[in-house]
There are 4 protein chains.
Amino acid sequence: MEIDLYQVSHLARSIVKEAGDQLNLEWKVAKETVAKDPRDLATKYDLMVEKQITAALTKLFPNHSIYGEEVTKTKQHSPYAWYIDPIDGTKYFASDIPLFSVSLGLTDKDKPILGVVYNPISNQMYSGYQTGKAYLNNSQIKVADQRPLKETIVYGDFSKFELLSGEKQRKINQNYFEVMSRVYRVRAFGCGSLGLCWIASGGFDAFIDFTGKTKIYDVCAGLAILEAAGGVYEHIAANGEKKLIAATNRTTLAAIKKLII
Amino acid sequence: MEIDLYQVSHLARSIVKEAGDQLNLEWKVAKETVAKDPRDLATKYDLMVEKQITAALTKLFPNHSIYGEEVTKTKQHSPYAWYIDPIDGTKYFASDIPLFSVSLGLTDKDKPILGVVYNPISNQMYSGYQTGKAYLNNSQIKVADQRPLKETIVYGDFSKFELLSGEKQRKINQNYFEVMSRVYRVRAFGCGSLGLCWIASGGFDAFIDFTGKTKIYDVCAGLAILEAAGGVYEHIAANGEKKLIAATNRTTLAAIKKLII
Amino acid sequence: MEIDLYQVSHLARSIVKEAGDQLNLEWKVAKETVAKDPRDLATKYDLMVEKQITAALTKLFPNHSIYGEEVTKTKQHSPYAWYIDPIDGTKYFASDIPLFSVSLGLTDKDKPILGVVYNPISNQMYSGYQTGKAYLNNSQIKVADQRPLKETIVYGDFSKFELLSGEKQRKINQNYFEVMSRVYRVRAFGCGSLGLCWIASGGFDAFIDFTGKTKIYDVCAGLAILEAAGGVYEHIAANGEKKLIAATNRTTLAAIKKLII
Amino acid sequence: MEIDLYQVSHLARSIVKEAGDQLNLEWKVAKETVAKDPRDLATKYDLMVEKQITAALTKLFPNHSIYGEEVTKTKQHSPYAWYIDPIDGTKYFASDIPLFSVSLGLTDKDKPILGVVYNPISNQMYSGYQTGKAYLNNSQIKVADQRPLKETIVYGDFSKFELLSGEKQRKINQNYFEVMSRVYRVRAFGCGSLGLCWIASGGFDAFIDFTGKTKIYDVCAGLAILEAAGGVYEHIAANGEKKLIAATNRTTLAAIKKLII
């Protein structure tokens, strides 16, 4: 059954707003309890938000599959699957650093087709879907014009670097150096969902998943938004890993690819 | 055709959020130009937001009637009609006073059944619908417990008082005095949509439309939210006008009615 | 000893910002506990903020008198006295209504010469001092141009109306009717500090203390800001009470006075 | 002449708040014009804020030296010098990324003794001074407890990396790899003032100036806040550069130093 992405986007934005409001409410309270154990706190709020979003999706899209980063794994016979990252940047949330998001993406046969990424502290909601446009709140966003490689700012993702073998770490560092010495700057924020949105809205030029460990939960929403804003991405094989590379345009993407493979 | 109010509420909240984001964006810019003529400015932003909401409603509910306070009058063969107050409190919006809302209500055969009222400056979204609960953002709200009349705070609406005859003005003032001398306080804010929400959320105890001039655009959303929060309302005939009275409960409503009739 | 009002204004703004941040922090937590008893809650936060401001003033201005609405009464041999209203609009604070302020005023031999009024929810800080200008945050504000009386919006204050005799209440209601039938609208918000600032910034045209019960804590800061923005005020005797009248200009003030005396 | 740091801190916070309010006002307007040329825009707002802060400092501290990142170089015969970074993170400001600050630091004979770092979008003001405590708004902050090196999160600064020789770049990359493979994660945000504050408030564990190119404007305020929160720092010589290393405690600082030298 075909779905109306305009309608689904409004529903997804409302669900994510609701979840963000909850985090906004907990943001100040959280501070006081975090000292004891940041990890447990994180889990508590991650779970709370994931459950809330799952409940809404289940009511609104009873036939769709729903997967959450924490616990939700509801498989259905449908081409459509939702991916929830309840708090991308949990440690920041727990440390009063306003750099986290609620991220909700929809795939059609595994391809991201719609996304919402919301930073409740700055009240910035990024959204977009296939065949539609991309938005920051109510304002349309577009990727930046192509720039010479040495002027580009790259968002670098290093998920799970600490779990890799020394051999793989060295290889990544070599890749990293290749990139650093050819672009203007590599930034590493630890919040991939917002990283992709910042490419979509013109602040950054490319995204490199250095470790090959980004998960669909982290990037599904951001990739749909990036495409709606005119950006491109590709999964490449490098060092025995499948790595995600994204950019504002095909030329920059090709140039980045050469540095990684 | 039956509609799913849970789904419709999410759609309405997303539409209103989008409109509120636009006002948030204009809030600071507005200041600089308002000096010339507050009235024209008001009209400009009211129209902008009304068009934006109308466009979204038309896509999502092509069979529903849609009426806006400014220009929209789209009548359809449907029991469902939407009422848009794009900016309730335009003068406040134009004067940097954070006391205005975007208000969107849905009626079923003229009865308010669903509402969303959003103050974008404080990021407070009130919502509720028939058979459902009422919310301030993601937190459930309820009317306050019944209080003795002399402890109640009443929201008084004086819409279009200046257009009434001296005779009617005196009558209203008499009513007003009856109320003032029996309750704790009467407040007159000039933003009826938020006034009704503040009864729904426990801050105020009753609402009196002293002039009988409130319009469905002003109160449709608020009344649906108030009912969902446990409150009650009634249209009474007084001084040759149909007047709206609302309260947290039937006892208070009855006590207020006696002072007006 | 002469004081430098430019310096004192910066100090006062920082102290008030600090207090507002505290209220911002408690704003969400407050909600959950208010149900039990709004009055006690109010007292708790009022006291907390008054103590905080008093401590800062004592360190910075050890020779000045300091008076707080709640408990502080520190009399010194100095022409300078500070008046603190820790939360003007406590009930609103306790009811999630973003219409309250931290208000701090300085007098020189009983005349208000400097004021800061801060709404922490909308992050709007009004400030001004004698011989200086008035500001909303970093933007200069001025009173509105003179308007015909029938186009003016009046802020009406009804402090302690419930404690007055029936005779006085009737007299006030008569005054009130005189005003209502000659101006565009009378608004009654229950937050006098912000009311005066809204005249200073062009939203309202006049202020009437109908009961003669406003206290120096409520209006000291607002009056200094109003004067710095070009407005005027006067204490008049009416019905055996000393009443405060303020306006954007002398002509409007005179016209209002005639309706009250 | 001795200064009262408690008083000076209030003054500095008020000045920085005022500047942040201006940026908050421009934040939304900026978006529309940034497309043409982000670099010029940046310069415009950087200059506007630097002039505003310089004017206030000049009035309040006429005998102190004042240096701004853009143009201000006012040398006086005084042990006290102010360092202004009007917008640390200009590119983020121009790209709707809420990760920039107004940063104002005071030195006494070149040693940072007082600092204020303000993110106006999240309304987070970090402050602290020698012999005093450190604060995030009105809440005291402290560095995190010591953690095993492999659990630490390091803020890495790569200022002007693109201007270094290939030889120096390789050396830095080698240092970087040493660090990455021993700590939990290295983050590179490009906003050093906030990076230092996040160590002060418990989110991060250490700061490494990999290129030796951080300027006093970037770090003066943050270092004073870090010390007031219990943290430590040191300038070390490495690869022919003077590099800044900071941490939550001496043990972590020593461990980090070993990886860099």
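Note: the structure precedes this text.
Being a predicted model, the structure only gives us computed values, none of them experimental.

A. Spotlight on the interface of chain B and chain C. Residue-level contacts link 39 residues of chain B with 39 residues of chain C. At the boundary of chain B with chain C, total buried surface from both sides reaches about 3,400 Å², with 59% on carbon and sulfur atoms. One can count two salt bridges joining chain B with chain C. Taken together, the elements giving at least two residues each to the side of chain B that touches chain C come down to α1 (5–34), α3 (90–94), β6 (124–129), α4 (166–180) and β10 (185–187) of chain B. For the side of chain B that touches chain C, the class distribution of residues is 20 nonpolar, 11 polar and eight charged.

B. Molecular detail of the side chain of Ser65 of chain C. All names here are of chain C. Tracing the backbone through its elements, the reader meets Ser65 in strand β1 (residues 65–68). Taking relative accessible area as the criterion, Ser65 reaches 2% and is therefore assigned buried. Leave out the neighbours within four places in its chain, and Ser65 touches Thr74, Lys75, Gln76, Tyr80, Ala81 and Trp82.

C. Spotlight on the relation of the copies chain A and chain D. Aligned on chain D, chain A shows an RMSD of 0.0 Å; the corresponding rotation is 180 degrees and the shift along the axis is 0.0 Å. Expressed as a symmetry operation, the mapping of one chain copy onto the other fits a two-fold axis. Every residue of chain A has its C-alpha some distance from the rotation axis, and the shortest such distance is that of Ala188 of chain A, at 2.4 Å. Residue by residue, 100% of the interface of chain A is reproduced at the interface of chain D, so both copies engage with the same surface.

D. A look at the packing of aromatic side chains. By the definition in use, this model includes 76 aromatic pairs over all chains. Ring geometry for Phe93 of chain B versus Phe100 of chain B: centroids 5.1 Å apart, planes at 75 degrees, classification edge-to-face. For Phe100 of chain B, a relative accessible area of 0% corresponds to the buried category. Through a chain of ring-to-ring contacts, three or more aromatic side chains come together here, namely Tyr92, Tyr155, Phe189, Trp198, Phe204 and Phe207 of chain A together with Tyr92, Tyr155, Phe189, Trp198, Phe204 and Phe207 of chain D. Above the face of the Tyr6 of chain B ring, Lys59 of chain A is positioned so that its terminal group lies 4.3 Å from the ring centre. Of note, Arg185 of chain B hangs over the ring of Tyr184 of chain B, and the distance from its end group to the ring centre comes to 4.8 Å.

Conventions used here
Residues numbered from 1 in each chain as written. Chains lettered and ligands numbered in written order. Predicted model: local features only at pLDDT ≥ 70, side-chain atom pairs only at ≥ 80, totals over all residues. Heavy atoms only, no water. Contact = heavy atoms within 4.5 Å. Buried area = accessible area lost by both parts, 1.4 Å probe. Salt bridge = Lys/Arg side-chain N within 4 Å of Asp/Glu carboxyl O. Helix = DSSP H or I, 4+ residues; strand = E, 2+ residues; numbered from the N terminus. Nonpolar A, V, L, I, M, F, W, Y, C, P; charged D, E, K, R; others polar. Buried < 20%, exposed > 50% of the residue type's maximum accessible area, 1.4 Å probe, protein only. Least-squares fit on C-alpha atoms with pLDDT ≥ 70 in both. Phe/Tyr/Trp six-rings, centres within 6.5 Å; stacked < 30°, edge-to-face > 60°. Lys NZ or Arg CZ within 6 Å of the ring centre and 35° of its normal.

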